[in-house]
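Structural description and commentary
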Amino acid sequence: MATMNYARLVAAAVAALVVFCAYGFLVNGTLIRGDYAQYSVVYRSADALPEYVPYGLAGTFVAMLALALMYAKGFEGGSGAAEGARFGALVGIFVACTHVVDNYVTLNIGPRLATEMAVAAFFQWVAVGVVVGLVYRPGRRAGAPAP
């Protein structure tokens, strides 16, 4: 059994945070931004967001650490990118079916925005999974020769 590579876990979490935020800004903050505008009563204004960004970054970093740890615990060997993509797709399905669907049920948003959010979340988590898969590498097994 491979040992846990804690330095790579942290590196994977940092890389995942960067990808998560960049993707979120590109898709939610740019491409589908206009579709959020009609729900301004539900979402904070762009002027109010900076006050909350540190909370978002801290919470997302902790989530990325947990995600990297889950990936490491389920690592089966093979291509990091392929394993990461599969893992990210599962997380994407989980998030789309819980977080986004719950938001659609509880927030007064339309089906178009909910669908865009679900598709965006799925691909965001696939991208994050690929990055985690590329960055994280398990430690050597006890007694195994160095690569």
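Structure: above.
Quick look at the structure, then. Everything numeric here is computed off the predicted structure, so don't read it as measured data. (Residues numbered from 1 in each chain as written. Predicted model: local features only at pLDDT ≥ 70, side-chain atom pairs only at ≥ 80, totals over all residues. Heavy atoms only, no water.)

Its 26 residues give helix α1 (residues 6-31) an end-to-end C-alpha distance of 36 Å, which sits within 8% of 38 Å, the value for a rise of 1.5 Å per residue. Taken as a whole, α1 carries its principal kink of about 25° at Gly24. Every buried residue of α1 is accounted for by Leu9, Ala12, Ala13, Ala15, Ala16, Leu17, Tyr23, Gly24 and Val27. Where α1 is buried, its residues meet α2 (33-37), α3 (53-74) and α5 (111-135). (Helix = DSSP H or I, 4+ residues; strand = E, 2+ residues; numbered from the N terminus. Expected span 1.5 Å × (residues − 1). Bend = angle between axes of the 7 residues up to and from the residue. Buried < 20%, exposed > 50% of the residue type's maximum accessible area, 1.4 Å probe, protein only. Contact = heavy atoms within 4.5 Å.)

Computed from the structure, the largest pocket encloses a volume of approximately 1500 Å³. If you trace the largest pocket, you find 31 residues lining it, with Gly24, Asn28, Tyr36, Tyr43 and Leu49 closest to the centre. Sorting the residues of the lining of the largest pocket by element identifies α1, α2, α3, α4 (80-106) and α5 as the ones contributing at least two each. It is α1 that contributes the most residues to the lining of the largest pocket, six residues altogether. Tallied by class, the residues present in the lining of the largest pocket amount to 19 nonpolar, ten polar and two charged. (1 Å grid on protein atoms, 1.4 Å probe; cavity = no way out; pocket = protein on both sides within 12 Å on 5 of 7 lines; lining within 4 Å. Points joined across faces, edges and corners; volume = space filled by probe spheres on them. Nonpolar A, V, L, I, M, F, W, Y, C, P; charged D, E, K, R; others polar.)

What follows covers the nonpolar core. In terms of nonpolar packing, the biggest core is built from 32 residues, with Met64, Leu67, Trp125, Val128 and Val132 touching the most fellow members. Ranked by residues supplied to this core, first place goes to α5 with ten residues. When residues no more than four places from it in sequence are discounted, the contact partners of Val128 are Ala16, Val19, Phe20, Met64 and Leu67. (Core = buried A, V, L, I, M, F, W, Y, C linked by side-chain atoms within 4.5 Å.)

Quick look at α4 now. Here α4 contains 27 residues, and its C-alpha end-to-end distance of 37 Å stays within 8% of the 39 Å for a straight helix at 1.5 Å per residue. Approximately 30° is the largest bend angle found in α4, and it occurs at Val95. Every buried residue belonging to α4 is among Gly80, Glu83, Gly84, Phe87, Gly88, Ala89, Val91, Gly92, Val95, Ala96, Val100 and Asn103, and all of these are buried. Elements that come into contact with the buried residues of α4 comprise α3 and α5.

Right, let's talk about the pattern of salt bridges for a bit. Within this structure, the stated rule accounts for two salt bridges. Two residues, Asp35 and Arg112, come together in a salt bridge whose shortest N-O distance is 3.4 Å. Taken together, the residues span a long stretch of sequence, with Asp35 in helix α2 and Arg112 in helix α5 at a distance of 77 residues. Exposure remark for Asp35: the relative accessible area of 16% places this residue in the buried category. With a closest N to O distance of 3.2 Å, Glu116 and Arg112 form a salt bridge. On the criterion of helical spacing, the pair formed by Glu116 and Arg112 is a turn pair, its members being four residues apart in helix α5. Residue Glu116 is classed as buried on the basis of its relative accessible area, which comes to 18%. You can call Arg112 exposed: its relative accessible area is 57%. (Salt bridge = Lys/Arg side-chain N within 4 Å of Asp/Glu carboxyl O.)

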